[in-house]
Amino acid sequence: MSDAERILLVEDDTGLRQAILGALEAGGYAADAVNDGIQAAQRLRADDFELVLLDLGLPFVDGWEILAQLEGRPLPSVIIISARGEEGDKVRALDMGADDYLTKPFGADELLARVRAVLRRVNAASTSPEVVRCGDVVVDVGARAVSRGGREVRLTPTEWALLALLAEHAGTSLDHRTLLGRVWGPEYVGDRNYLRTFIQRLRRKLEANPSNPVVIQTAGQHGYRFGPMPERAH
Amino acid sequence: MTPQVDRRRVLLPLGVAILAPAALTSLLVALNQANTRDYVFLYLGIVAILGLAAGLREAIVAAACSFLLVDFFFVRPVHTFQFADSTDLVNLAVFFGTAGLVGTLGSRRRAAQRRAENLAWELQQANIELARLAETERQVRVLEETDRLRREFLANVSHELRTPMASILTGTTTLLRGQSLPDDLRAEVESLARESRRLNRLVSDLLDMTRIEGGIVELRPAEVDLTEAIAASADRLHRQSPDRSVAVEVPASTPEVMADWNRLGQVLDNLLENADHAAPVGSPIRVTAARGGDAVVVVRVIDAGPGVPAALRGQIFDRFFRGGQADPQRAAGMGLGLSIVRGLVEVQGGRVWVEDAEPMPGACFAFSLPAAAIGASEMDR
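Below is a summary of the structure that appears in this document. Predicted, not measured: the structure shown is a model, and the values here were computed from it.

## A few points about the sheet that holds strand S7 (residues 137-140) of chain A
Residue and element names in this part refer to chain A.
In step 1: Taken together, 4 strands build an open sheet; the order of strands is S6-S7-S8-S9 and the sheet is antiparallel. The sheet terminates laterally at strand S6 (131-134) and strand S9 (151-152), the two strands that pair on one side only.
In step 2: As paired elements, S6 and S7 share 4 bridges and run antiparallel to each other. Bridged to Cys 134 within S7 is Val 137.

In structure tokens, the structure reads:
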């Protein structure tokens, strides 16, 4: 874990705030906490954080508004911590840029595992020096940079992890299980809604026509592929 | 309206148009009215009445009959259709023209009256329909409001109960991660963590049952590979019951199912936990999946426990049914697990049942789900 990793906890319940701070400190993280949306917005403007643990039901400015303010920013990554376990809320939050969604109540182990997984994606360093192109989209895997039509495209760590994995295997189909297991972790291998949501997010940022994708293509029933399939030599 | 009735409606006025002038003529002849031309207005009256009551066609028929009858019986030379005096011909022609005009005016008035009646009827129907729509709209608003209140209630209950539970669970599990906890305290804290998890499960079951009964279960159906779903559930069971083995038998040819990954996981978790409680120590749980027809896949969770007596099979999926569990751990539950299984399977287009675990003794809980049609899902695209 790097010293630069900073976590902001946004939770209005005093007891839970103390409990989560205790868990994060016990896990070796340096965490700050605020108890409402206004303070959260101020802290996020003033300081750099790698990760925000964000409750949705907050006084004054709710978690959805904070999430909307963060949308499009590569950092901080966001894990939603909410008592609302409805699938619609989860998908909406992921669609708005959250990296993960944790339903209350949760144990310290589960919380820290999710934090580790997201920070792993933030800090993932690629050993591949590869630069992969598809049309006007250029993915520099080594430099963790992606551009479209010469303009930089800003991705969240999870979006980047997914794109980098696909780009490193450009022209080859990767199945859902592989993508979910490698990007999110083994416990997510069957949760295709996560994958679908992030693929849609990437397509919105990279494709000229997201409903007719060229850069991230659907490969059969079970996977996705970066770019077209290589032509066979005759 | 039948063709017979329709024909009668046409023929009856025509009959009247012929018979009414004939009857008048008979009357005038019987009264021996020699100068019957003076009474020609009586024929005109018949034509006018028929024009008003029946229409233009009947008025013209009546006028024609009147013309012929007057000519035959009263115009010299009588009992012929000839005219001795050309004035009579002119008079009768004027009569016929006047009768036609009166008939036309009468029939127009009648048509206008009919249109007015039709419009009034349509207006009345529209008012009835409007009232019905207004009532339906009111009912929809009431239902929407009920639905909104139900969701709000669930969200509030969820928040109010789960947030303090989260404090307890996160706090206790943080303590348990540390090494400095004395053994006697560790046992207490473990108990706290265990109980808060159990409480969370009870709250979740109650909320899920409310969602199922209110028809507000949110689903995100997608193609699910049952091998993955069963393996994930078996893995979750293994965390709480490490000594229980789960044998999974899913032939490679088994199609994927259309299901919500999380809700299917919940169904499998409930059935596996049930089997784990029922099965003797050391006996494995078998989970099989196979095509159950053209469009469904059937999953079976089989344990080597005492099985489900035939008399209880009709009630076992009812809510709050606990079936006289001897196991105090199970008796502490609310008897919602299987009714939630049924609700979640049915809302995903399947059904659930219990059968014998033949050839070995035990219980077999089975459920079906729709097979995912190849190429049917656009969700992964």
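Okay, back to it.
## Observations regarding the sheet that holds strand S10 (residues 173-175) of chain A
All names here are of chain A.
In step 1: Spatially, the 3 strands line up as an open sheet ordered S10-S12-S11, and their pairing is antiparallel. Every interior strand has two partners, whereas the edge strands, S10 and strand S11 (216-219), have only one. Mean inter-strand twist for the sheet, computed between neighbouring axes without regard to direction, equals 35°.
In step 2: Two strands pair when backbone bridges link them, and S10 and strand S12 (residues 223-226) are joined in this way by 3 bridges, in the antiparallel orientation. Paired with Ser 173 across the bridge in S12 is Arg 225.
In step 3: Of the strands in this sheet, S10, S11 and S12 touch helix H6 (residues 157-168), which is tilted by about 70° from S12.
In step 4: Lying over the sheet, helix H7 (residues 176-183) contacts S10 and S12, oriented at roughly 75° with respect to S10.

## Points about unusual backbone geometry
All names here are of chain A.
In step 1: Cis geometry is found at the peptide bond from Lys 104 to Pro 105, where omega equals -5°.
In step 2: Topologically, Pro 105 is positioned in the loop between strand S5 (100-103) and helix H5 (108-123).
In step 3: The phi dihedral of Phe 60 falls on the positive side, at around 70°, and the residue is not glycine.
In step 4: Looking at the element boundaries, Phe 60 is found in the loop between strand S3 (51-55) and helix H3 (63-70).
In step 5: The backbone of Arg 144 sits at a positive phi, close to 55°, despite the residue not being glycine.
In step 6: A relative accessible area of 31% means that Arg 144 is categorised as partly exposed.

Analysis parameters
Residues numbered from 1 in each chain as written. Chains lettered and ligands numbered in written order. Predicted model: local features only at pLDDT ≥ 70, side-chain atom pairs only at ≥ 80, totals over all residues. Heavy atoms only, no water. Pairing = 2+ DSSP bridges. Helix = DSSP H or I, 4+ residues; strand = E, 2+ residues; numbered from the N terminus. Axes fitted to C-alpha atoms, helices over the stretch in contact; angles between N-to-C directions. Contact = heavy atoms within 4.5 Å. Buried < 20%, exposed > 50% of the residue type's maximum accessible area, 1.4 Å probe, protein only.

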